[in-house]
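So you can see what is in the structure, the chains are spelled out below.
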Number of protein chains: 2
Amino acid sequence: MKKITHSHRPLILITNDDGVQAKGLQQVAEFLKPLGDIVVVAPDGPRSGQSSAITVTTPLRMKVLDEQEGFCLIRTNGTPVDCIKLSMNILFDRHPDLIVSGINHGSNSGVSVIYSGTMGAVFEGALLHIPSIGFSLCNHQPDADFNPCRDLVVDICRKALASTDWPQGIGLNVNIPKTPQLNGVKMCRAAQGYWTEEYDCRVDPHGREYYWLTGTFKNNEPDADDTDEYWLDRGYVTIVPCSTDCSAVNTLPRLSSILGL
Amino acid sequence: MKKITHSHRPLILITNDDGVQAKGLQQVAEFLKPLGDIVVVAPDGPRSGQSSAITVTTPLRMKVLDEQEGFCLIRTNGTPVDCIKLSMNILFDRHPDLIVSGINHGSNSGVSVIYSGTMGAVFEGALLHIPSIGFSLCNHQPDADFNPCRDLVVDICRKALASTDWPQGIGLNVNIPKTPQLNGVKMCRAAQGYWTEEYDCRVDPHGREYYWLTGTFKNNEPDADDTDEYWLDRGYVTIVPCSTDCSAVNTLPRLSSILGL
C-alpha cells in the first residue's frame, strides 16, 4: 500500500473499537475535519473489549474505502491497536500530531479502561509519545446522538494539537454522560472497583452449556469526589489521564519484604 | 457446570496465554501441586498478545479434561481474562488464594506487559484483590526447559500464599532469563520503550497485500539499573509489581493547564 500524502496541516489519525461502520467514528471524523487532515483506520467490525490485543497468529489486511483531499478512510481486519501499528508503519512517513479513538458507543469509565479497545489504541499512541485521546459516550445505542459532544471534542482536540508539553506516555480517557445538558468538565482519576460477572448460562440444542458475558460494575469508592464515576453520575464530562507505565514502584518495599528479597 | 469441590488446602488457579497444551502451563501446575489444590483453566489454543481482552460477541464454553483429588484441568474457548472470570463465577464458591499465569513461553518484560495475555490474567486477579503472579521464561521454544525455574516459582508462590499484607490491586510480572545459571533476583520497574513494527508485507496469490506483525523492542533507557530489561540482560530474574490503576494523577495539573480546565 502506498504511503498517505498529507498537507502541511495537522495530521490526525482516528480509530475506534466499534468498527468502521459505527456512527461515533463517522461523527468524530466530521467534527475534526476543520482541524487537520484526517486519516481513519478502523476495524472491519466490532472489537469491543479487545483491550491492547494485537494480532500475531493471522495476517492483517487493509482496504481503502474512501480517499479525498484531506480525508482517507481505511478498513482493517485487526484490533484497534493493530490499526494504530499499521498506520504508523505502513501508511505514514511521519508521526501524526494527534490520535483520537472513538467516539465509543458506551462508557469506558472506572476499571473498564483495562478492557477497552478504544483505550487500547490510546495507550498505543501514548507509548509513541503522540497526544492520544479516547472519547466515549455513555450510550450504547447504535444511533446515539453525538451532536452534544461536538464542541467539547473539538475544543479538547484543538488544545491537544496546540500543546507543546504533552506529558510523555500519557493518554486521555474522556467519558461523556448520556444527558441532554452537560454540567461541566472534571479532570479526575478512575474510580476503583471491579465487574461482577453474572454469566448468562444457557444450554444449546445438543445439551451443552455455554456462557454469555454480562456484568455489573461495582464501585469500591462511590463517595470519592475525585473519581470519574462520581462526576459522570452528576452529569459532568470526565477526563482521566492514563499512563502506559503500570510499574507500582511505591509497592517495591512491601513486596520485597513479603518475598524476602 | 458444577462447582469445584476443594479441600482445606490453599486453592491455586492457574491459566496462561499459550493454551492448555503448552509445556510451561503443565510444568507450573506440577511445580505447585505441593502447595495446594490446583485448578487449571486455560484457553484451547494460543492467545498471545491478547492483553486484557474479553469475549463479548460470542458465547464461551468450558470442558473438563482431567479431574483428580486436588487437581482439575479445564479448557475454554476464551482469552486468559475470560478464563479467570469464568473460574471466579462458574467454578468457585470462594476466591482462590493465589492466581498464577504462565509459565509463558517468551519474555513479557518492558512494555510487553501491555500486550501480554499472560499479564491480562494477572491484572484480572489483582482487580479482585487476589495475589496474582505472571511467570515468563525468555525462551519461545515449545520444548523449553522450565526445570531451572522450579525452585524460584515455588518459593515466590509459597511466600505469596503466606503473606497477609499483599498490596491491593497489584500483580507481579516475573521474567526469567534464558540462561543455565541464574545470577539472582531483582525487584524493579519495567523499562520504558516501544516496539518498532517492521511488518512483513507479502502478496497473496490473488495479488492482494497482507501483513505479518513482527517487531523489535526499543529500550528508551538501556542504562537504567532499576529496570527489568537491564537485569534480564545480566542474567537476573526480574519481578515488577504492576498496578491495575493506570490513572496518572501526577499529570493532572499539567493537563488541566493544557486543556484550560
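Residues numbered from 1 in each chain as written. Chains lettered and ligands numbered in written order. Predicted model: local features only at pLDDT ≥ 70, side-chain atom pairs only at ≥ 80, totals over all residues. Heavy atoms only, no water.

### Points about the UniProt feature "domain: Survival protein SurE-like phosphatase/nucleotidase" (unreviewed entry) in chain A
For step 1, the next point in the chain: As annotated by UniProt and renumbered to match this structure, "domain: Survival protein SurE-like phosphatase/nucleotidase" (unreviewed entry) occupies residues 12-196 of chain A.
For step 2, the next point in the chain: Annotated as 25% helix and 29% strand, the span residues 12-196 of chain A places its first and last C-alpha atoms 37 Å apart. (UniProt positions renumbered as here; feature names shortened; annotations may be inferred. Helix = DSSP H or I, 4+ residues; strand = E, 2+ residues; numbered from the N terminus.)

### Comments concerning the sheet that holds strand β4 (residues 71-76) of chain B
All names here are of chain B.
For step 1, the next point in the chain: With mixed pairing, the nine strands of this open sheet are ordered in space as β3-β4-β2-β1-β5-β6-β7-β13-β8. Strands with a single pairing partner mark the edges of an open sheet, and in this sheet they are β3 (62-68) and β8 (184-187). Each neighbouring strand pair of the sheet contributes to a mean axis angle of 20°, computed without reference to strand direction.
For step 2, the next point in the chain: Here strand β2 (residues 37-43) pairs with β4 via six bridges, running parallel. Across the sheet, residue A42 finds its bridge partner in β4, namely R75.
For step 3, the next point in the chain: Taken strand by strand, helix α2 (residues 80-91) contacts β1 (11-15), β2, β3, β4 and β5 (98-105), and its axis lies near 130° from that of β2. (Pairing = 2+ DSSP bridges. Axes fitted to C-alpha atoms, helices over the stretch in contact; angles between N-to-C directions. Contact = heavy atoms within 4.5 Å.)

### Observations regarding the side chain of D82(A)
For step 1, the next point in the chain: Relative to the helices and strands, D82(A) resides in helix α2 (residues 80-91).
For step 2, the next point in the chain: As a buried residue without a salt bridge, D82(A) has its nearest oppositely charged side chain in R47(A), at a separation of 6.8 Å.
For step 3, the next point in the chain: Within the structure, D82(A) has its side chain in polar contact with the side chain of T55(A) (distance 2.5 Å).
For step 4, the next point in the chain: Discounting residues that sit within four places of it in the chain, D82(A) has contacts with I54(A), T55(A), L60(A) and Y199(B). (Buried < 20%, exposed > 50% of the residue type's maximum accessible area, 1.4 Å probe, protein only. Lys, Arg positive; Asp, Glu negative; His and termini not counted. Salt bridge = Lys/Arg side-chain N within 4 Å of Asp/Glu carboxyl O. Polar contact = N/O pair within 3.5 Å; in protein donor to acceptor, adjacent residues only side chain to side chain.)

### Some points on the packing of α2(A) against helix α3 (residues 117-127) of chain A
Residues and elements named next belong to chain A.
For step 1, the next point in the chain: Where α2 meets α3, the closest approach of the two axes is 7 Å, and the angle between their N-to-C directions is 30°. Between α2 and α3, the angle falls in the class roughly parallel. When you trace α2 past α3, the crossing you get is right-handed. Contacts between α2 and α3 involve P80, V81, I84 and K85 on the former and, on the latter, G117, G120, A121, E124 and G125.
For step 2, the next point in the chain: Taken together, the residues that form the contact of α2 with α3 break down as four nonpolar, three polar and two charged. (Parallel < 35°, antiparallel > 145°, perpendicular 65-115°, else oblique. Left-handed = near helix turned anticlockwise from the far one by under 90°. Nonpolar A, V, L, I, M, F, W, Y, C, P; charged D, E, K, R; others polar.)

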